[in-house]
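Chain by chain, the residues run as shown.
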Amino acid sequence: MADVSDPAGQVEVPLFAAACAAVGESMVLVAPGSLSSVPDAAAADHPAFSDVRPRCSYLLDEVSCSDPFAAVSAGSRLDVLPPFAGG
């Protein structure tokens, strides 16, 4: 995982519900890339995330994003949202 003491040049990836439980942390920092490569990087450091990831949706800088090729730049925030129960 990236050094959380130096977030410059990284993507902030907050994790919620099952994603947080799988990783064991509420946020990770990873290198910039695409919408598909940023979660790949998180899964490389936290293999249990691989089981949850296919069910997740993403907010890129507070906007819903599903394009796997969308650019996720340094300084961006990529919220990982697994399905939530209830209403």
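Just so it is clear, the model here is predicted, and its values are computed rather than measured.

Draft legend 1. A look at the overall build of the protein. Of the regular secondary structure elements, the protein holds three helices and seven strands. Helices and strands appear in the protein in the N-to-C order β-α-β-β-α-α-β-β-β-β. Of all 87 residues assigned to the protein, the portion counted as buried reaches 36%. Restricting the contact set of the protein to residue pairs at least 6 apart, pairs at least 24 apart contribute 56%. Carbon and sulfur atoms make up 56% of the accessible area of the protein, which totals about 4700 Å².

Draft legend 2. Structural detail: the sheet that holds strand β7 (residues 78-81). Across the sheet, three strands lie side by side as β5-β4-β7; this open sheet has antiparallel pairing. Single-partner strands in this sheet number two, and they are β5 (63-65) and β7. Pairs of neighbouring strands in the sheet enclose a mean axial angle of 35 degrees, with direction left out of account. In this structure, strand β4 (residues 57-60) lies alongside β7, joined through four bridges in antiparallel fashion. Residue pairing in the sheet places Ser57 in a bridge with Leu81 of β7.

Analysis parameters
- Residues numbered from 1 in each chain as written.
- Predicted model: local features only at pLDDT ≥ 70, side-chain atom pairs only at ≥ 80, totals over all residues.
- Heavy atoms only, no water.
- Helix = DSSP H or I, 4+ residues; strand = E, 2+ residues; numbered from the N terminus.
- Buried < 20%, exposed > 50% of the residue type's maximum accessible area, 1.4 Å probe, protein only.
- Contact = heavy atoms within 4.5 Å.
- Areas by Shrake-Rupley, 256 points an atom, 1.4 Å probe, with all protein chains shown as cover.
- Pairing = 2+ DSSP bridges.
- Axes fitted to C-alpha atoms, helices over the stretch in contact; angles between N-to-C directions.

All quantities given are derived from atomic positions and should not be read as evidence of function.
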